[in-house]
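# Reading the structure
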Amino acid sequence: MMITVTVNGERHSHDVEPRLLLVHFLRDVVGLTGTHWGCDTSNCGACVVWLDDTPVKSCTALAVMADGRTVRTVEGLERDGELDPVQRGFMECHGLQCGFCTPGMMMTSRWLLDRNPDPSEEEIREALSGQLCRCTGYENIVRSVRWAAENPADDSTEASQEVSPS
Amino acid sequence: MTTIEERPAGDGAHGFGRIHRKEDPRFIRGQGNFVDDVQLPGMLHGAILRSPFAHARIVSIDTSAAEAHPRVRAVITGATLETLSLAWMPTLSNDVQAVLATDKVRYQGQEVAFVVADDRYAARDALELIDVDYEPLDPVVDARTAMDEGAPVVRDDIEGKTDNHIFDWEAGDRAATDAVFTEADVVVTEDMLYPRVHPAPMETCGTVASMDKVTGKLTVWSTTQAPHAHRTLYALVAGLPEHQIRIISPDIGGGFGNKVGIYPGYVLAVVGSIVTGKPVKWVEDRSENLMSTSFARDYHMRGEIAATRDGKILGVRVRVLADHGAFNGTAQPTKFPAGFFHVFTGSYDLQAAHCEVTGVYTNKAPGGVAYACSFRITEAVYLIERMVDVLAYELEMDQAELRMKNLLRPEQFPYTCATGWEYDSGDYPATLSLAMDMAGYQELREEQRAKRERGELMGIGISFFTEAVGAGPRKHMDILGLGMADGAELRIHPTGKAVLRLSVQTQGQGHETTFAQIVAQELGIPTADVEVVHGDTDQTPFGLGTYGSRSTPVSGAAAAMVTRKVRDRAKIVAAAMLEVDPSDLEWGHGTWGVRGDPKNAKTIAEIAMAAHSNLELPEGVEGHLDATCVYNPPNLTFPFGAYICVVDVDPATGEVDVRRFIAVDDCGVRINPMIVEGQVHGGLAEGIGMALMQGIAFDEDGNCLGASFMDYLVPTALECPSWELGETVTPSPHHPFGAKGIGESATVGSPAAVVNAVMDALKPLGVRHADMPLTPAQVWRAAQGRPLRTDLAIS
């Protein structure tokens, strides 16, 4: 069936099978491979994207459910060439190793910070508890989110500076 | 959150020190390139039909309906593969494994047929159309009865095979150990299981294979930790010319040993591409990953420890029954069928030790050596650290005091242990003391005393581990005949920028950063000026890959040595530039200058340009600065550490709360402390997972009971405390820059600390041991004096 989904501000119209998973629509049809697939059972959260303003696990949502709605993926975190503080936080605090869970972690983190700009460590752990990471032991992910909370985008000139690895 | 003692170190921009990772900018933008991200023109998709039975004879396979599916391009069965002599492939332990089952299936989830279709959904649809007639057979599920008279024979494909025996192996001195035990005041025995677990990286395994029929070149994008070894194995298995095979290991979403071996799915993608003439992608789903790819552990151990009444440990004796599943596919150096398990003497000064290991076949998925185990050192550390606690229980001694009394002393290094390993360096008491200080050990014991009086269950667990990593010396260590030395190539461009080519492959360890730092440290150029190329056999020199914490000890050493070669070449060129004899030059971190005349010096960039110019060089000097090397390590390296875990156990529910975890690691010199700490954090979470949650059991029919993340629970952010890290630094004396490796230390060392803590909490209830995973049910049962066997779920 024909669906139109606005992904990161761009409209995409495609004829898709009704059973097509949203994660496969994004990866295979739209070609945005930043969203990863990890488990099929809604346990791992590697596939988290925003459907309208809510994080969903795109491996257990159908593409047709997104018809006429907006989706935001990791590729849509950066705005006008400027990294989201969450992205910067993950680099600053070594919040990623293999990078596979990272997009989902960052999407949920951004959602959390939009609703709770100053979350405690416990609140961050609770918010991310539906997502798995096998590399970091979560420590630096929590710190990354805290870094983002302490360095919001609209705060200072510092936030507009591009992060460089060195 | 974390206590780190800052050591004087560089900023990382010109060598060792903390620096952000070069890898991160692509990952945080969703621009990584994992195997499933690879899209090729005309690419088809493969899916595998798997056995629902643990043990069954295949009577017939009817693929006609699947072949008639309009979007199916090929259906491949074992019979198809037999015509290509590809139905069986060698394992990493010189056994064979079915690529697709021909005679019978030997574990639930075994590969039976392969469908290639236009898209992944059609491929899955077609699996439903294949009709397999199975004749179920009695399975061998319990390893402890695998050798019983009359047990079903798993491997009747092996000519003359009438039982399920794989190997017997021993290490140490049996007679000397028996003598020590005979004379000891105290001998304590404990049976313990290190249950079957699975590494479960976030990215499952997969392959995209593309055979170019015109050139004959096969390109394989694959989730592999060992691209070069895989290339050689593909050449040997398929009879393809090795120079026509290119293995690309792109970004890898975690490995932990899961991506060392070659799985049937990889071979099938290759066959699918050869048969269809199109690129074929195969990516397994999570259940396939958990049910059919390398599991880890599954060691049934009987440990015995002998000591004097005042707590001097004299000897250790171990008997192991090793469940290797249906095919012996363990990945370890050939001479060591039990991996490096015989480093089970641990961190203690023992008079004698002996172990016997028997490997058996069962109707379970193959594997055994995987999951950050450093070739079975996880099992060894768990064994010795549990035995020390069991001894402390019997002697009514404090666990820290007992360890302190028996730890090797700094002056004993290099130390040859009772089973033959030569430990390179260490100051164990200092490391344990630091961990105890950080934990506030005495205060914790006082708190525990008060809580026990109130009937509360609080436990403090210690694990002191010694690792043996960096395999390894070629003389002793090979995998399928491939010696475990690693190559490295360093190219210096005329402007002084560098490209380092490595055989090892990162799966999140940050090699693109740390190896650039090694070159920067050795050559005095900015870290940013070094590009690391890896994960592509056409672009990099041969080496055995990333596992067993070997990248820094072996390839890190290769990187340092090749950089030193470049430095030596640069010296000759600099001498020609400065018109002095090379012996008059001295190195100044990035410059060669005339001794005593510091202004008269040339930078590496200046020297590099000159090396490519028409500058006249001495007779026999070729010009350019590029160099290659192969590093053959003289010995393993021996990282170690002291871990302390503090838990509270709910007596009503058996739920364990890990309140604190203190980890002091000594991995020698740290290249990038930020990355080292990240490696430790991750390993500690894995340790909590193994100790408390993860475990794959089987029912009486051989059904795998850990086949999804609904059943196989791995830790989330809620189960993990905020880790408290510390460090000591004892450089390895034989590594070029004193590093020892860190990748697996925490996974190896931490499970014992968690289990020891839970057992310590249950001590007032008279509990001495219960097997992992210490789920609430298992803890509750243990508290009732009825701990479960965690490998079986027999109704």
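Take the overall build of chain A next. What chain A contains, in helices and strands, is six helices and five strands. Order of helices (α) and strands (β) in chain A, N terminus to C terminus: β-β-α-β-β-β-α-α-α-α-α. Its C-alpha radius of gyration of 16 Å places chain A within 12% of the 15 Å reference for a compact globule of 166 residues. In terms of principal-axis extent, the alpha carbons of chain A reach across some 45 × 30 × 30 Å. Going through the 166 residues of chain A one by one, you find that 58% of them count as buried. Taking as baseline every contact in chain A between residues at least 6 positions apart, the subset at least 24 positions apart corresponds to 58%. As presented, chain A carries roughly 6100 Å² of accessible surface, and 47% of it is formed by carbon and sulfur atoms. Taking the 14 positively charged and 26 negatively charged side chains of chain A as two groups, their mean positions are separated by 4 Å.

Over its twelve residues, helix H5 (residues 139-150) of chain A extends 17 Å from the first C-alpha to the last, a length consistent with the 16 Å expected when each residue adds 1.5 Å. Counting buried residues along H5 of chain A, ten of its twelve residues qualify, which places the element largely inside the surrounding structure. Every buried residue belonging to H5 of chain A is among Glu139, Asn140, Ile141, Val142, Ser144, Val145, Arg146, Trp147, Ala148 and Ala149 of chain A, and all of these are buried. For H5 of chain A, the elements touching its buried residues are helix H2 (85-92), helix H3 (102-115) and helix H4 (121-127) of chain A together with helix H16 (673-692) of chain B.

This part is about the interface of chain A and chain B. Much of the literature gives interface size as the accessible area that the parts lose upon coming together. At the junction of the two partners, chain A supplies 53 residues and chain B supplies 59 residues. Between chain A and chain B, a total of about 4800 Å² is buried, with carbon and sulfur atoms accounting for 57% of that surface. Counting across the interface, chain A meets chain B through seven salt bridges. Looking at the side of chain A that touches chain B, the elements that each hand over two or more residues are helix H1 (22-30), H2, H4 and H5 of chain A. A class-by-class count of the residues in the side of chain A that touches chain B yields 21 nonpolar, 17 polar and 15 charged.

Right, let's talk about the pairing of strand E17 (residues 313-323) of chain B for a bit. All names here are of chain B. Of all the eleven residues making up E17, ten are buried; the element is thus mostly covered by neighbouring parts of the structure. Sheet topology note: the strand E16 (residues 299-307)/E17 ladder contains nine bridges and is antiparallel. Paired with Ala306 across the strands is Gly315, a residue of E17. Between E16 and E17, which follow one another and run antiparallel, lie five residues, and Gly311 among them has a positive phi close to 95°. With nine bridges joining them, E17 and strand E18 (residues 352-360) adopt parallel strand pairing. For Asp323, the partnering residue across the bridge sits in E18 and is Val360.

What follows concerns the side chain of Asn328 of chain B. Residue and element names in this part refer to chain B. In this structure, Asn328 sits in the loop between E17 and E18. Exposure remark for Asn328: the relative accessible area of 8% places this residue in the buried category. Sequence-distant contacts of Asn328, defined by excluding residues within four places in its chain, comprise Thr91, Ser93, Asp95, Arg155, Ile166 and Tyr361.

Looking now at the environment of Glu727 of chain B. All names here are of chain B. Assignment of secondary structure puts Glu727 in strand E35 (residues 724-727). Taking relative accessible area as the criterion, Glu727 reaches 9% and is therefore assigned buried. Spatially, the C-alpha atom of Glu727 lies 8.1 Å from that of Ala663, the residues being 64 residues apart in sequence.

The next subject is the sheet that holds strand E2 (residues 10-15) of chain A. Residue and element names in this part refer to chain A. If you trace the five strands from one edge of the open sheet to the other, you get E2-E1-E5-E3-E4, paired in mixed fashion. With partners counted over all chains shown, the strands left at the sheet margins are E2 and strand E4 (54-57), one partner each. Averaged over all pairs of adjacent strands, the angle between strand axes in this sheet comes to 35°, irrespective of strand direction. Inspection of the sheet shows strand E1 (residues 2-7) paired to strand E5 (residues 70-72) by two bridges, in the parallel sense. Bridging across to E5, Thr6 finds its partner in Thr70. Together, strand E3 (48-51), E4 and E5 form the strand contacts of H3, whose direction differs from that of E3 by roughly 45°.

Another aspect to go through is the domain arrangement of chain A. Residues and elements named next belong to chain A. According to the domain assignment, chain A contains domain 1 (2-74) and domain 2 (85-153). One C-alpha centre belongs to domain 1, the other to domain 2, and the line joining them spans 21 Å. Listed by partner, the interface residues are 17 residues for domain 1 and 15 residues for domain 2. In this assembly, domain 1 packs against domain 2 so that about 1300 Å² is buried in total across both faces, 65% of it on carbon and sulfur atoms. Contact with domain 2 buries surface across domain 1, with His36, Trp50 and Val74 losing the most and accounting together for 38% of the total. Across the contact surface, domain 1 and domain 2 share zero salt bridges. For the pair domain 1 and domain 2, the interface holds seven residue pairs in polar contact (both at pLDDT 80 or more). Only E3 and E4 provide two or more residues apiece to the side of domain 1 that touches domain 2. The element best represented in the side of domain 1 that touches domain 2 is E4, accounting for three residues.

This part covers a negative patch on the surface. Residues and elements named next belong to chain B. A grouping of Asp62, Glu67, Asp131, Asp133 and Glu135 is seen on the molecular surface, where their side chains present a negatively charged patch. The element that contributes the greatest number of residues to the negative patch is strand E8 (residues 131-136), accounting for three residues. Among the secondary structure elements, Glu67 is positioned in helix H2 (residues 64-68).

Counting all residues, the mean pLDDT for chain A is 93, and 93% of those residues have values of 70 or more. Contacts for the low-pLDDT stretch residues 155-166 of chain A, under 50 throughout, to residues beyond four places or in other chains number 20 contacts.

The tally for this structure, following the rule as stated, stands at 71 salt bridges over all chains. Residue Arg125 of chain A pairs with Glu121 of chain A through a salt bridge whose shortest N-O separation is 2.9 Å. Pair noted here: Arg125 of chain A and Glu121 of chain A are both in helix H4, with a separation of four residues, about one helical turn. Under the relative-accessibility criterion, Arg125 of chain A is labelled buried at 6%. For the salt bridge of Glu622 of chain B with Arg569 of chain B, the shortest nitrogen-to-oxygen distance reads 3.7 Å. Within this pair, whereas Glu622 of chain B is found in the loop between helix H15 (604-611) and strand E31 (627-631), its partner Arg569 of chain B is found in helix H14 (residues 551-578), the two being separated by 53 residues in sequence. Exposure remark for Glu622 of chain B: the relative accessible area of 71% places this residue in the exposed category. Several salt bridges share partner residues, and in doing so they unite Arg57, Asp95, Asp103, Lys104, Arg106, Arg155, Asp156 and Asp157 of chain B into one network.

All names here are of chain B. Here helix H9 (residues 377-395) crosses helix H10 (residues 399-406) at 115°, and the two axes come no closer than 9 Å. Considering how the two elements wind past one another, H9 and H10 form a crossing that is right-handed. Residues Glu385, Val388, Asp389, Leu391 and Ala392 of H9 touch H10, and the partners they reach there are Gln399, Leu402 and Arg403. Among the residues making up the contact of H9 with H10, the classes are represented as four nonpolar, one polar and three charged.

Bringing the environment of Val145 of chain A into the picture now. All names here are of chain A. With respect to the helices and strands, the residue Val145 is situated in helix H5. Residue classification places Val145 among the buried residues on the basis of a relative accessible area of 1%. For the pair Val145 and Met105, spaced 40 residues apart in the sequence, the C-alpha separation amounts to 9.6 Å. When near neighbours in sequence (up to four residues on either side) are disregarded, Val145 contacts Phe90, Ser109, Leu112, Leu113, Ile124 and Leu128.

Our next topic: the packing of aromatic side chains. All names here are of chain B. Summed over the entire model, instances satisfying the criterion amount to 26 aromatic pairs over all chains. Between Tyr415 and Tyr423, the ring centres sit 5.8 Å apart and the planes meet at 65°, which makes this aromatic pair edge-to-face. Per residue, the accessibility class of Tyr415 equals that of Tyr423, and both read buried. Geometrically, the ring pair formed by Tyr643 and Phe661 is edge-to-face, given 5.7 Å between the ring centres and 70° between the ring planes. Remark: Phe661 occurs in strand E33 (residues 656-666) and Tyr643 occurs in strand E32 (residues 640-649); sequence separation between them is 18 residues. Both residues of the pair, Tyr643 and Phe661, belong to the buried class. By way of ring pairs, the aromatic residues Phe336, Phe340, Phe375, Trp421 and Tyr547 are connected into one cluster. If you follow Arg26 out to its NZ or CZ, it ends over the ring of Phe27, 4.9 Å from the centre. Its end group placed over the ring of Tyr547, Arg550 keeps NZ or CZ at 5.7 Å from the ring centre.

Conventions and cut-offs
- Residues numbered from 1 in each chain as written.
- Chains lettered and ligands numbered in written order.
- Predicted model: local features only at pLDDT ≥ 70, side-chain atom pairs only at ≥ 80, totals over all residues.
- Heavy atoms only, no water.
- Helix = DSSP H or I, 4+ residues; strand = E, 2+ residues; numbered from the N terminus.
- Rg over C-alpha atoms; globule rule 2.2 N^0.38 Å.
- Buried < 20%, exposed > 50% of the residue type's maximum accessible area, 1.4 Å probe, protein only.
- Contact = heavy atoms within 4.5 Å.
- Areas by Shrake-Rupley, 256 points an atom, 1.4 Å probe, with all protein chains shown as cover.
- Lys, Arg positive; Asp, Glu negative; His and termini not counted.
- Charge placed at Lys NZ, Arg CZ, Asp CG, Glu CD.
- Expected span 1.5 Å × (residues − 1).
- Buried area = accessible area lost by both parts, 1.4 Å probe.
- Salt bridge = Lys/Arg side-chain N within 4 Å of Asp/Glu carboxyl O.
- Nonpolar A, V, L, I, M, F, W, Y, C, P; charged D, E, K, R; others polar.
- Pairing = 2+ DSSP bridges.
- Axes fitted to C-alpha atoms, helices over the stretch in contact; angles between N-to-C directions.
- Domains from an automatic or database assignment.
- Polar contact = N/O pair within 3.5 Å; in protein donor to acceptor, adjacent residues only side chain to side chain.
- Patch = residues over 30% accessible without salt bridge, like charges linked within 9 Å, V, L, I, M, F, W, Y side chains within 5 Å.
- pLDDT = per-residue confidence, 0-100.
- Left-handed = near helix turned anticlockwise from the far one by under 90°.
- Phe/Tyr/Trp six-rings, centres within 6.5 Å; stacked < 30°, edge-to-face > 60°.
- Lys NZ or Arg CZ within 6 Å of the ring centre and 35° of its normal.

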